[in-house]
Amino acid sequence: MSITVDIDSNSGFCAGVIRAIGKAEEFLDGTAGNGKKLFSLGAIVHNDAELKRLEDKGLVCIDRDDLDDMLDADGENLLIRAHGEPPQTYTKARAHGFTVVDCTCPVVLKLQKSIREAYAALRDRNGQIVIFGKPGHAEVLGLIGQVEGNAVVIEDMRMLVDAVAAGSIDLRRPVEIFSQTTKSPAEYASVCARLEQMMADANELSVERFKGTRMFVRHNTICSQVATRHAKLSAFAVEHDIVIFVSGKSSSNGKVLCERCKSLNIRTYHIDSPDELRKEWFRPDDKAGVCGAASTPKWLLEDVAAEIRSYNDK
Ligand code: SF4
């Protein structure tokens, strides 16, 4: 075999994840913090290998039920992930005796602030907040928490149509729409265009005239790192004969990016570690591309590339 392997230079942790992991490591190696244990509310990164590396250093991941049960944390540290959390989580953690280590990504903090401001402004206009995101995702829960739960969450076009049919989105009332930071820019654009068209029709106006009413406001809240990744990853997928996409299977960003690769290169395989590679996927002269999500560490991409290169020696 003479397979060549490229690693996508744009893959790897985004700034928000690098920041959260860096902060966790400062606590784990004792250069920051109060010497107490470090808990993370949910997986700090959706990648089992990286998570294990941090757990081996002492990080303990807990879920919301654990937080409910831990009534006397005695100053132990609770890390809030880059995804952010609703305000109630901070209140509860402090009430239970935790020291909160807030690693919410600045981009998510900005989005939380904009949604709060829009919600306050829309109250007087009987308006509605719509979130384009995955129901139940931590970032989305954090956003809903900013608006006292008064938001409609739609993940795709079908959910938009269903929400309108069910009356959860009232086309005659003002709407401000926000996207979860890691959603697909193309899908967000399609959903926004459809909703705007439906609102224009319901108000018996052309889309052009409807725009002037400011009844529909779209906030561009997809993370710029994610948005540029989509374009660069698309080019990478097309340039290679076979694409190995590396990310945890539960990573929302990973699923979106992997689907993008698959839509452009049918020979795209989603793995979360080198163990899942199969030699039979490869042809003798393949130009293979290894890439990943915002939660995939660079060292893991290198391990996968090394395993593929080893097929040339066997
Ligand atoms: S994808 Fe963007 S918004 Fe989300 S954590 Fe990373 S840098 Fe922050």
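Residues numbered from 1 in each chain as written. Predicted model: local features only at pLDDT ≥ 70, side-chain atom pairs only at ≥ 80, totals over all residues.

Engineer: Please clarify how the pairing of strand β10 (residues 242–246) should be interpreted in this entry.
Structural biologist: Across a regular strand the side chains alternate sides, sitting on one face of the sheet and then on the other. Among the 5 residues that make up β10, 5 are buried, leaving the element largely enclosed by the rest of the structure. The alternating pattern of β10 places I242, I244 and V246 on one face and V243 and F245 on the opposite face, and all of these are buried. With 4 bridges connecting them, β10 and strand β11 (residues 268–271) associate as parallel partners. The residue bridging F245 from the neighbouring strand is H270, located in β11. (Buried ≥ 20, exposed ≤ 12 C-beta atoms within 10 Å, placed from the backbone. Helix = DSSP H or I, 4+ residues; strand = E, 2+ residues; numbered from the N terminus. Pairing = 2+ DSSP bridges.)

Engineer: Just to check I follow, could you spell out unusual backbone geometry for this structure?
Structural biologist: With the exception of glycine, the majority of residues adopt a negative phi angle, and the majority of peptide bonds are in the trans configuration. If you check the backbone angles, E148 has positive phi at about 55° while not being a glycine. With respect to the helices, strands and loops of the structure, E148 is situated in the loop between α6 (138–146) and β7 (152–154). A positive phi is found at R214, a non-glycine position, where the angle reads about 60°. Relative to the elements of secondary structure, R214 occurs in the loop between α9 (207–211) and β9 (216–218).

Engineer: Any chance you could explain the sheet that holds strand β1 (residues 4–7) here in plain terms?
Structural biologist: Sheets are built from strands that pair by backbone hydrogen bonding, the pairs being arranged parallel or antiparallel. Sheet architecture is open: 4 strands sit in the order β1-β12-β10-β11, paired in parallel fashion. Across the chains shown, the open sheet's two edge strands, defined by having one partner strand only, are β1 and β11. The mean angle between the axes of side-by-side strands here comes to 20°, regardless of whether they run parallel or antiparallel. Contacting β10, β11 and β12 (287–292), helix α10 (residues 224–239) crosses the sheet at an angle of about 155° to β12. Against the sheet, helix α11 (residues 252–264) engages β10 and β11, with an angle of about 160° to β11. (Axes fitted to C-alpha atoms, helices over the stretch in contact; angles between N-to-C directions. Contact = placed C-beta atoms within 7 Å.)

Engineer: What is the right way to look at α10 in this model?
Structural biologist: Working note: α-helix, 3.6 residues per turn, so residues spaced by three or four point in the same direction. Compared with an ideal rise of 1.5 Å per residue, which puts 16 residues at 22 Å, α10 spans 23 Å between its outermost C-alpha atoms and is within 8% of the ideal. Every buried residue of α10 is accounted for by V226, R229, L233, F236 and A237. Residues of α10 that are buried make contact with β10, α11, β11 and β12. (Expected span 1.5 Å × (residues − 1).)

Engineer: Even after reading the chapter, I still don't get the site of the ligand, so can you show me in this structure?
Structural biologist: Taken together, the neighbourhood of the ligand is formed by 14 residues, with C14, G16, C105, V107 and C223 sitting nearest. Broken down by secondary-structure element, the contributors of at least two residues to the shell around the ligand are α1 (15–28), α5 (106–123) and α10. Here the residues of the shell around the ligand sort into 10 nonpolar, 4 polar and no charged. No fewer than three residues from each of domain 1 (4–12 + 225–313) and domain 2 (15–105) sit in the shell around the ligand. (Near = placed C-beta within 6 Å. Nonpolar A, V, L, I, M, F, W, Y, C, P; charged D, E, K, R; others polar. Domains from an automatic or database assignment.)

Engineer: Mind showing me how you'd approach the sheet that holds β7 here?
Structural biologist: If you trace the 4 strands from one edge of the open sheet to the other, you get β7-β6-β8-β9, paired in parallel fashion. With one partner strand each, in any of the chains shown, β7 and β9 form the two edges of the open sheet. Strand-to-strand twist across the sheet, computed as the mean angle between neighbouring axes with direction ignored, equals 20°. Relative to β9, strand β8 (residues 175–179) runs parallel, the two sharing 3 bridges. Note on β9: the bridge partner recorded for V175 is F216.

Engineer: It is not clear to me how the nonpolar core should be interpreted in this structure. Could you clarify?
Structural biologist: Looking at soluble globular proteins, one finds that nonpolar side chains tend to be buried together. By size, the foremost hydrophobic cluster in this structure holds 83 residues, and its most contacted members are A24, I44, L79, V130, I131, A151 and I244. Broken down by element, this core gets its largest block of residues, 6 residues, from helix α8 (residues 185–202). With residues up to four places along the chain from it excluded, the contact list for A151 reads I129, V130, I131, L143 and I144. (Core = buried A, V, L, I, M, F, W, Y, C linked by C-beta atoms within 7 Å.)

Engineer: For this particular structure, what's the right way to read the domain arrangement of the protein?
Structural biologist: Where interface size is given, it is often the accessible area lost as the parts come together that is meant. Assigned domains of the protein: these are domain 1 (4–12 + 225–313), domain 2 (15–105) and domain 3 (107–180 + 184–221). Taking only C-alpha atoms, the centre of domain 1 and the centre of domain 2 are 29 Å apart. In this assembly, 13 residues from domain 1 lie in contact with 8 residues from domain 2. Each residue belonging to the side of domain 1 that touches domain 2 can be placed in one class, and the counts come to 3 nonpolar, 9 polar and 1 charged.

Engineer: Before we go on, may I ask you to explain the environment of P174 in this structure?
Structural biologist: If you trace the backbone, P174 turns up in the loop between α7 (157–165) and β8. Along the sequence, P174 and V217 sit 43 residues apart, while their C-alpha atoms lie 8.2 Å from each other. Excluding anything up to four places from it in sequence, P174 contacts L122, R125, G127 and M215.

Engineer: I tried to follow the packing of α10 against α11 on my own but got confused; where do I start?
Structural biologist: For any two helices packed against each other, one specifies the crossing angle of their axes together with the interaxial distance. Interaxial distance between α10 and α11 falls to 9 Å at its minimum, and their mutual angle equals 35°. Considering how the two elements wind past one another, α10 and α11 form a crossing that is right-handed. From α10, V226, R229, H230, L233, S234, A237 and V238 reach across to α11, where they touch N253, L257, R260, C261 and L264. Class assignment for the residues of the contact of α10 with α11 results in 7 nonpolar, 3 polar and 2 charged. (Left-handed = near helix turned anticlockwise from the far one by under 90°.)

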